[in-house]
Amino acid sequence: SVWNEYSFENYRQLARRIASNLDGSLTDDLPSDFLSAWDTFLNKYGYDGEDQLFVSCPRYEDTPEHLLPKLSHNVGNGVNDPALALERQVRKRRDVMARQEQRAAKKWWYNPWARRRVRKQNDILEHVFWMRNAPKLHLTEVIATVRQAVLKIERDFIGAGRLSEEGDIFHLTPEEVDAALKDNSLDLNELIKDRKATYRRALDVRICPMLIDSRCRILKPNKPQHHLSSPNELIGTAVSPGVATGRARLVHSPTDVMKRGEVLVAFVTSPSWTPLFVGAAAVVLQIGGVLQHGALCAREYGKPAVSGIDDLLGRLETGMFLRVDGNSGIVTILNEYDEEQKEDCVSSLQGSVV
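Anyway, here's the lowdown on the structure attached to this text. (Residues numbered from 1 in each chain as written. Predicted model: local features only at pLDDT ≥ 70, side-chain atom pairs only at ≥ 80, totals over all residues. Heavy atoms only, no water.)

This structure, assessed with the given rule, holds 1 cavity of 30 Å³ or more. Each pocket or cavity is described by its volume, and for the largest cavity that value is around 60 Å³. Gly49, Glu50, Pro58, Tyr60, His66, Lys70, Pro254 and Thr255 are the residues that line the largest cavity. Looking at side-chain class alone, the lining of the largest cavity contains 3 nonpolar, 3 polar and 2 charged residues. (1 Å grid on protein atoms, 1.4 Å probe; cavity = no way out; pocket = protein on both sides within 12 Å on 5 of 7 lines; lining within 4 Å. Points joined across faces, edges and corners; volume = space filled by probe spheres on them. Nonpolar A, V, L, I, M, F, W, Y, C, P; charged D, E, K, R; others polar.)

This is the structure:
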């Protein structure tokens, strides 16, 4: 398999190999069906990316290696086809709509317009609700076009030695970029030096306060009240039912590597993280409620999920063996028990998800 030839760190090389196949530098090196699908996707959705509304966000068209980890999560046996999952959701929704109309029809003798009203509501949901996301998609495409123009200017600045590396231009304001284009003597590297240092420090911060009062006190929600049977239990909010076990994988970006059967542990997720849910045994998040993206996605994929655990990324480490109870909201660190207890727990949870 081609996927076995490349580690996560070498996906940029795979992206170059794909590009070489498409431009004719390499002939018949990769399956034609894959190359055709890849080319079609990038032409149609290449403007998309992780944080689409930020000009600094990499796009699939300029950083195609970001697409490869998402594809890798859908390779191999035991992966549910997202298209089939969507079809099941559509059938389920239409079944509910049909039952709503049937119940409304029984009220004809005292409310003859009930069925018509329910049918109209269902038609709106079926045919109009997709418009909710349409403005964002169009805006994303516009921002991606702006990004391509900004990247061209950045390449010119780097070539002239005025910037040091890719991404530096996003530490400048639009006014400063305009000034730099007019004045070649403007020292851009000196201008952004402190900003880059601040940005790097921010990336190392594990906790971002969600609420600060007028006295600069960090406010935190009250912890759910549970009786803990072990200090290895972490209490959160149950956001998707079920129970699962697996090794923790702390993920900071949707492009991070994650193995199938691991527990996805993150601060919070967004739509670009969705492919990671396919092979995850369970999901554990530091913030968010039942209507956040991670909770909704976990329920759609049938993954147990717990959210709202304070300092989650500081208390868990990649490789820890976890039991995630999406019914009670309790996450148990199993690898701090003795081996006999761990084996007993694993054997009682065969099949991983209950």
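Back to the text.
Before going further, it helps to examine the pairing of strand β8 (residues 330-333). Sheet faces and side chains relate simply in a regular strand, where the side chains alternate between the two faces. The alternating pattern of β8 places Ile330 and Thr332 and Val331 and Ile333 on opposite faces, both of which are buried. Where strand β1 (residues 233-235) lies against β8, 3 bridges are found, and the strand directions are antiparallel. Bridge assignment links Ile235 to a residue of β8, and that residue is Ile330. Pairing analysis gives 4 bridges linking strand β7 (residues 321-325) to β8, with the strands arranged antiparallel. Along β8, the bridge assignment pairs Leu322 with Ile333. Hairpin connection from β7 to β8: 4 residues lie between these consecutive antiparallel strands, with Gly329 at a positive phi of about 85°. (Buried < 20%, exposed > 50% of the residue type's maximum accessible area, 1.4 Å probe, protein only. Helix = DSSP H or I, 4+ residues; strand = E, 2+ residues; numbered from the N terminus. Pairing = 2+ DSSP bridges.)

Approximately 2200 Å³ is the volume found for the largest pocket. Around the largest pocket, the lining is made up of 41 residues, and of these Leu86, Asn133, Pro271, Thr274 and Glu300 lie nearest the centre. Secondary structure elements with two or more residues in the lining of the largest pocket: α2 (32-45), α3 (68-72), α4 (82-105), α5 (114-127), α6 (134-159), α9 (274-279) and α10 (293-301). A total of 7 residues in the lining of the largest pocket trace back to one element, the largest contributor, which is α4. The residue inventory of the lining of the largest pocket, partitioned by class, reads 24 nonpolar, 8 polar and 9 charged. By volume, the second largest pocket amounts to about 1200 Å³. For the lining of the second largest pocket, the secondary-structure elements that each account for two or more residues are α1 (11-23), α2, α6 and α8 (188-203).

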